[in-house]
Amino acid sequence: MVLLHQKGPSRKRPPSTFISPFPPPKIPKPPTTTTTTTTRSTDTPTVDNSTRDSANDDREGYMDKMVSLLADAECTLINLTGPPCLPSDLHKFRRHLQRLFSSDSTLRSHFLSGYYSYIQNPGHLHRVLIPCYQNGLGSTKRESLTRILLLVPSIQLELQNMLLEKLPEYFDVDPVDCHSSSLDEDVARLIINHFRWLDFLVDSKVFTDKLLQVLSICPLHLKKEIIGSLPDIIGDQNNKAVVDSLEQMLQEDSSVIVPVLDSFSNLKLDDQLQEQVITIALSCIRTIDSEHLPNLLRFLLLSATPLNVRRIIYQIRTQLKFIGLSNSRAMQHKKLKGKALVDSSEASILDALKSSLRFKNTLCQEILKELRCLDKAWDHKVIDIWLLMLIYMSSEQLRKSVEKILRKKIVEGLIQEGLFDQCIRGNKELVQDYFPSFVSLSEHLLACKEQKARNFGMHIYTALFEEFSDTCSRQEVLGALVTHVGSGISFEVNSALETMVFLASKYSQELVRFSYHINGILDYLEAFSNENLHKVYEVFSHLALSARSGIDPCASFIANELLMIVRKQVSNPDLKYKKMGLIGTLKIVSCFGSADITICPSASEVSNKSNIEEALELLKASTDSCKLLPLPLILFYDELITTLENKVLHPAIMEWIGKHVGEFESMFLADLEGGNLPCIDSYGGLEGELWMNLDGDISPICLNVLPLASSSFQSPSSLQVLPVNFLLLSVIERLANQGSLGGIDALLGCPLHLPSSKYFTERAWQSLSGKQKKIVCLSLFYAANWTRELLNVFCTQVAGNPEYTSQATREELIGKLSKRLRNLVFLECLLDHFLKSYSLSLPELQLHTEYLVHAEKKNEHKRLHASSTSKNNKKDKKISKDSVNGSSQKHKQPTIIDVLKKAGSVTSEEVPDKDTPKQSTSETAECQNSDPQPANVDVSAVYKVLEAQRHKFRPLRIYSFSILEFTKNQDSCCTDPSAELPLYLYLVRDLHYKLDCFSPPNKLLSSKCLSCPPGLSKMTVYEFLRKIDSLFPVLKKHFSSAISIIDEGTETCEEHWKVQSDLAGNPYIPGFFVPKSSVSCSFCKEILSCIGKMLSLPDIHMNLSVLSNLLEAFQPVKISDSIFSNAQEIPSPGNLEYLYCGSYSFLEEVLDIAICSSFVLASEVLFTLESIVNSVHKYLDTVVEGNGKNIHTGRGFVRAVLPTLRNRLGNSALNILRHDWDDNNLVNDWKGKGDIVQKVLRIFLEYSESTSDLLDELACSILPQVPLSNTTADDGFRSFQTLRSATFLVWYRVLHEENLTILNKLVKEIVLLEKSKEGVQPENVKSILIKVQQSVNVVVSLVNMCRTHDKVAVHAMTVKFGGKFVDLFLKVFDFLQTHFKMHNGLIIRLVKELQKATRTIQTLCSEAKGLKQTSITSKIPATKRSMERFLFQVKALLHTASSGCTFWMGNLKHKDLMGQVVSSQAYDDDRNDPTDEHHMEAGVENQSVASEEEVTEKN
């Protein structure tokens, strides 16, 4: 558009209000001036009429002149048949008029007056506004006359004002008629349309001001029309005034937002106005109607630039009220289901967002950046979920990013389930288009390793299933779940089945019609664990029950098919399939036979009876199939117990189970006469006697162990099912008597019929045959497990002070339970001792089919029956044995014993190899006759032989730990508690074992290898911690007692254990004792290990109440003030932050005592201190901040005190390393202490102020001075008493590994600095190079120690870690090359220093190949590759940089570690020609040496 500026009167700016452009009419003068007032008054009408006539004549004259003027220009204005006729050449026409008007202003004024007079007639105005005929073109319509005249510069502004003044006359047009009529009939729109797309504006500012004035008074429909046309009317001028005016209109009436946005979009605005427009639009998000929001969002997103995109996204997120405006909406939607429709504006908003994101891909990146920065849960909104879903749906490239962000925020607890509920629930129509994306996202979450993410995926699946009731959607959800089930990934399968269990339990009737789609799950039964089998059968049991109670006869096939599969599995002789059938049976029974089952109105009483009969029939069939198979029967009873504890079954089923367990007395019990056996018989040549009679002469019965154990050689032993049978009996008794076990309390005190105690001396034991030894060991084994179940059952009567137990009964039960625990410790200690001389594979009392197969058990049975040989004989036969059986050993499948041996639970000496030949009877007798005295047996020691088979024992349940709360027996001979500590130690070890089940200490001991006992199999970590948190104060009490014993060092009462053992009914067997110091140290060590394990459990930080209870239990009398030295404000006692400091202070006090008595105990205290520090770190990272001040104050306190705790931890580790330990008090001297020393040393290095400086000092100054051999004078090196020849390898390895860790951190630091915007600053370069130099010095010093230490293990570590160091050092070469010019001297020294280490490593590799040291040669290829790369990197560095240095390389001379040339392979000097690279390569290949690099400076 062109702007034309005129000079002359016509360009004078008119006032703000329109004044008619034509001159005022000429009124004739009156005839006389002396006319009286009366006469004038009388003549006034005559004057007025004459004046009006004169004015009309003037107007007609102006009109005639205007018509004549147009006619002269070949334009016919008066056309009775239609609009005016225009000349054929319009440009000539406009030029002609412009020339006339420019030369004669009077003519211009007369023309405008005539035009003004002409358009006063509405018909005339309409004629000049509609398109005209053009002469010479027939009937072709072109532009209107007014449009042509507006293009004449000299009259444009006046014509525009005339038309704008005429516009209000047509405001009263009905907007409905306006939109229905054509444009030619709407004068107002015709006028506005004439202003659009003009070639030029003479005075755009004046016209714009006038247009905006008229716009402010226009009706809404016309206002929208004009606003939308503004860019076409005014062009690119006066944008500021337009924007300001439109902003004011928006404030007055937000309904014009759409045309305003269109106008803003089409205006060419500068940056400042564009920002103003964006601000205006952002301010409207909260105020405009929801129907206009899509247009507003589309405008904002498409107007985004790199400078304002973050602000736009933030304002949209924070101000947009979207989806789930209230829960009442969802409720209303449910009430009006089928009538209420989803608000179309919400769908339009999503469409607007989706189209904008697709159009501008950078918006997706910025939105993801914005969401990543949110670190508070309350900052996340519903719109965030939809934005993620839109990006997930729109961009394939960003799907992974969306999944990663969502998973991270879910795991951190920042995105809650409620946000997805607001998106999905009550918004079925809205979610319909995004349903596949929600399913896809759920698939990803359910496949995540994190439990929180999987739970979230399960929740979304459930919400989708519940919200979408159509067949297609639900089928898609179930199909995805079935796919998860078939993935074979344990955690994914588990979560998918949990979801299906929930759906089947709540919507079983709806799922029946989808049974064809989920029946495929049954194809995966063989691969499922026990836990997943429970879930599968629970799903199908619910479906079968719904199918049987429904009215659709075709649905009954589900129940029939399920029952058929279970019956086949139960009758299968294979243990794997029988296990499936038994689990399926009890799941069907719990579902079909539930007492609270609701009968469908259409179902009759007969059908209900049919369900009960079906359940009873399955129970009977399962019991009959397992009668002669102990292991399946044990599994069946265990599953039945779990069902009874969690379900209320129908009385008919309970009656049948009661009759079945009623056979217990006839199977396992025998009558007594006066508390004694009626007759003394021999069983397998063994005499028996009553053990552990707590009821004395009044006991009417005894447990018939020995007779049943001796008869087990002819038939399967019923004793194998004794413990679980008794547990089932107790459950039935408890359910029948409201929790009381008064009907079977005689079993707690009844004696056990076991082999005579005279057989348990060493001489008598050797006189027994193999069969008799087996009977004795099995009797002890069954007795121990019977005692375990007694504790499990009767501890429920005293734990938590139940109402059904009186105080007298409770005290009696407590006394008996304490004695039974002493019986258990005695039995297991006795069994462990005699299993060392007679290897026996104990029968299983619980089924672990996940990791034990039938063939494996046969192999273990053969292996454990082979007697052991001496250690020396094993060493002598090792080489020959390997050579003969080497190939077979390679393909040998590892057994559970092998796994436990690798994990350290049992040594190779404790469990003999199956290929070891059995000792002859004469050899054994000779060995035992040489030492007729009984060996001393430590009751408190770890039962190493039994630990290898611990999984075969019945587990202690959590109720059994309540024994720790019982007071000490009052009839004790003294107040010394040491006789109680072995009992507490036994329980704490079992607690430690259970904690290991939740967090296996070794990858080899996975959840399949050490699966949780039945009592914990369905218990989460949180539930377990909640059940034991009441024990924390009791553990602290016993822990303090044991520490006092260690501190005081008082003598043990020799009679205490014997007296207590006699009171418990244990027979006297010489040689059994309890060492006081050993028990106290072991007990403290186990307590500390349990504390460390609990603090390391990830779930404990999600439950701060349990964590608080644990820390609160272990508080000192007074916390050391030095801990709070760096804290500005100390939190009040009871706060978690305060409790952390208290526990740390308490354990420091324990460390001061332990460090004077036991290296192992002191180290365990240190490890627990480290667990506290790590727990503080996790607490600081994972705890969710609250809104209160206390939370922030506490976190600030933790940040302030954490460096103090770390520093104190490092000092504690230093004290242990420097302490002068008494070798006489160390068990097995320093052998086997390597792992402990290694952990202590790592803590010392990690928590020191400067690990690099410390490594430099240790590697370069202290470690080289360690004596070479373990002599009598080896008392430790100076201040580090733990640094000896026996522990040198441990120190050497740790220093290498820590040095690699430091170098790796430097590499990461360099990468981060290079990626930062500022880049690497010059002051940082030198500090990094100095740290690298320190690391190089350490590795050179460690490598050079090989010259004085000739151990193969040292050389192997040097080659391995030296190669890793060089490989890691190569990652900083780009950094060295970048800064070589500024620091060439330092970098050259680095390379030359590292060269010393590489030469030594080359020599080690050469010697190892010559001596065929396989432990070294296996590491040579990788190390050689790293050093060759290092060589050529140095060459490239010096070649590309003008360093003023000379570089050459050649073959290394063959030298030994002392630097002497080996004469047989000495090279000639001529072959070291630096230009002969062929010789270098040949040398590498033939001599197995690498090239030598030399870097020297030019003179």
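For the structure itself, look to the data block above.
If you're wondering where the values come from, they're calculated on a predicted model, not measured in any experiment.

Visitor: Can you tell me about the overall build of the protein, naming the residues and giving the values?
Guide: Scanning the protein from terminus to terminus reveals 65 helices and 11 strands. If you take every contact in the protein between residues at least 6 apart in sequence, the share linking residues at least 24 apart comes to 78%. For the protein, the accessible area works out to roughly 68600 Å², and carbon and sulfur atoms hold 51% of it.

Visitor: If you had to explain the pattern of salt bridges to someone new, which residues and values would you point to?
Guide: Per the counting criterion, the structure on display carries 46 salt bridges. Glu 143 is the salt-bridge partner of Arg 147, the closest N and O atoms lying 3.9 Å from each other. Residue classification places Arg 147 among the buried residues on the basis of a relative accessible area of 11%. Salt-bridge contacts for Lys 535 lead to Glu 531; the nearest nitrogen and oxygen are separated by 3.6 Å. Taken together, the residues Lys 535 and Glu 531, both in helix 29 (residues 530-549) and four residues apart, mark about one turn of the helix. Assessed through its relative accessible area of 11%, Lys 535 is described here as buried.

Visitor: Explain the nonpolar core residue by residue, including any values.
Guide: Judged by nonpolar contacts, the single largest core of 443 residues is most densely connected at Leu 300, Trp 386, Leu 747, Phe 794, Phe 1244, Leu 1263 and Phe 1369. Examining the composition of this core, we find that 14 residues originate from one element, helix 40 (residues 770-794), more than from any other. Contact partners of Phe 794, with chain neighbours within four places excluded, come to Phe 726, Leu 741, Ile 744, Asp 745, Leu 748, Leu 813 and Leu 817.

Visitor: Describe the packing of helix 8 (residues 187-194) against helix 10 (residues 220-234), and please don't skip the residues or the numbers.
Guide: Relative to each other, helix 8 and helix 10 sit at 15°, their axes nearing to 10 Å. Between helix 8 and helix 10, the interaxial angle falls into the category roughly parallel. For the pair helix 8 and helix 10, the sense of crossing is right-handed. Together, Ala 188, Arg 189 and Ile 192 of helix 8 and Leu 222, Glu 225, Ile 226 and Ile 233 of helix 10 make up the contact between the two elements. Within the contact of helix 8 with helix 10, the residues separate by chemical class into five nonpolar, no polar and two charged.

Visitor: Go over the packing of aromatic side chains, please, and point to the residues and values.
Guide: For the coordinates displayed, the defined rule picks out 30 aromatic pairs. Ring centres of Phe 1039 and Phe 1114 lie 6.2 Å apart, and the angle between their planes is 75°; this geometry places the pair in the edge-to-face category. With Phe 1039 in helix 49 (residues 1032-1048) and Phe 1114 in the loop between helix 52 (1104-1113) and helix 53 (1136-1154), this residue pair connects regions lying 75 residues apart in the sequence. With a relative accessible area of 1%, Phe 1039 lands in the buried category. By relative accessible area, Phe 1114 is classed as buried at 5%. Each ring, one from Phe 1244 and one from Phe 1280, has its centre 6.2 Å from the other, and the planes form 55°; the classification is tilted. Remark: Phe 1280 occurs in the loop between helix 57 (1251-1262) and helix 58 (1288-1315) and Phe 1244 occurs in helix 56 (residues 1234-1246); sequence separation between them is 36 residues. Comparing Phe 1244 with Phe 1280 shows no difference in burial state: the two are buried. The cationic tip of Arg 399 hangs over the ring face of Tyr 392; the distance from NZ or CZ to the ring centre is 4.4 Å. The lysine or arginine in question, Arg 474, covers the ring of Tyr 507, its NZ or CZ lying 6.0 Å from the ring centre.

Visitor: Any details on the environment of Ala 1213? Residues and values, ideally.
Guide: Relative to the assigned elements, Ala 1213 resides in helix 55 (residues 1189-1218). Given a relative accessible area of 0%, Ala 1213 falls into the buried group. Between the alpha carbons of Ala 1213 and Val 1240 there is a distance of 5.8 Å; along the sequence they are 27 residues apart. If near-sequence neighbours (up to four positions away) are discounted, Ala 1213 is found in contact with Leu 1166, Val 1240, Ile 1243 and Phe 1244.

Visitor: With reference to specific residues and values, describe the side chain of Ser 699.
Guide: Relative to the helices and strands, Ser 699 resides in the loop between strand 5 (686-691) and strand 6 (701-703). Looking at Ser 699, its side chain comes within polar contact range of the main-chain oxygen of Ile 701, at 3.0 Å. Those residues within four positions of Ser 699 in sequence are excluded, and the remaining contacts are Leu 672, Gly 675, Asn 693, Cys 750 and Pro 751.

Visitor: Run through the environment of Gly 800, naming residues and quoting values.
Guide: Looking at the secondary structure, you find Gly 800 in the loop between helix 40 and helix 41 (807-835). By relative accessible area, which is 72% here, Gly 800 ends up exposed. The spacing of Gly 800 and Tyr 959 is 159 residues in sequence and 9.5 Å in space, taken between C-alpha atoms.

Visitor: With reference to specific residues and values, describe the pairing of strand 5.
Guide: On a regular strand, each side chain points to the face opposite its neighbour's, so the side chains alternate between the two faces of the sheet. Pairing of strand 4 (residues 682-683) with strand 5 involves two bridges; the strand directions are antiparallel. Within strand 5, the position partnered with Ser 682 by the bridge is Glu 687. Between strand 4 and strand 5, which pair antiparallel and follow one another directly, the connecting turn spans two residues, one of which, Gly 684, has a positive phi of 65°. Relative to strand 7 (residues 752-755), strand 5 is paired through four bridges, and the arrangement is antiparallel. Among the inter-strand pairings, Trp 691 is bridged to a residue of strand 7, identified as Leu 752.

Visitor: How would you explain helix 40 if you had to name every residue and give the values?
Guide: Here helix 40 spans 36 Å end to end across 25 residues, near enough to the 36 Å set by a 1.5 Å rise per residue. Within helix 40, 22 of the 25 residues are buried, which leaves the element mostly enclosed by the surrounding structure.

Definitions and cut-offs
Residues numbered from 1 in each chain as written. Predicted model: local features only at pLDDT ≥ 70, side-chain atom pairs only at ≥ 80, totals over all residues. Heavy atoms only, no water. Helix = DSSP H or I, 4+ residues; strand = E, 2+ residues; numbered from the N terminus. Contact = heavy atoms within 4.5 Å. Areas by Shrake-Rupley, 256 points an atom, 1.4 Å probe, with all protein chains shown as cover. Salt bridge = Lys/Arg side-chain N within 4 Å of Asp/Glu carboxyl O. Buried < 20%, exposed > 50% of the residue type's maximum accessible area, 1.4 Å probe, protein only. Core = buried A, V, L, I, M, F, W, Y, C linked by side-chain atoms within 4.5 Å. Axes fitted to C-alpha atoms, helices over the stretch in contact; angles between N-to-C directions. Parallel < 35°, antiparallel > 145°, perpendicular 65-115°, else oblique. Left-handed = near helix turned anticlockwise from the far one by under 90°. Nonpolar A, V, L, I, M, F, W, Y, C, P; charged D, E, K, R; others polar. Phe/Tyr/Trp six-rings, centres within 6.5 Å; stacked < 30°, edge-to-face > 60°. Lys NZ or Arg CZ within 6 Å of the ring centre and 35° of its normal. Polar contact = N/O pair within 3.5 Å; in protein donor to acceptor, adjacent residues only side chain to side chain. Pairing = 2+ DSSP bridges. Expected span 1.5 Å × (residues − 1).

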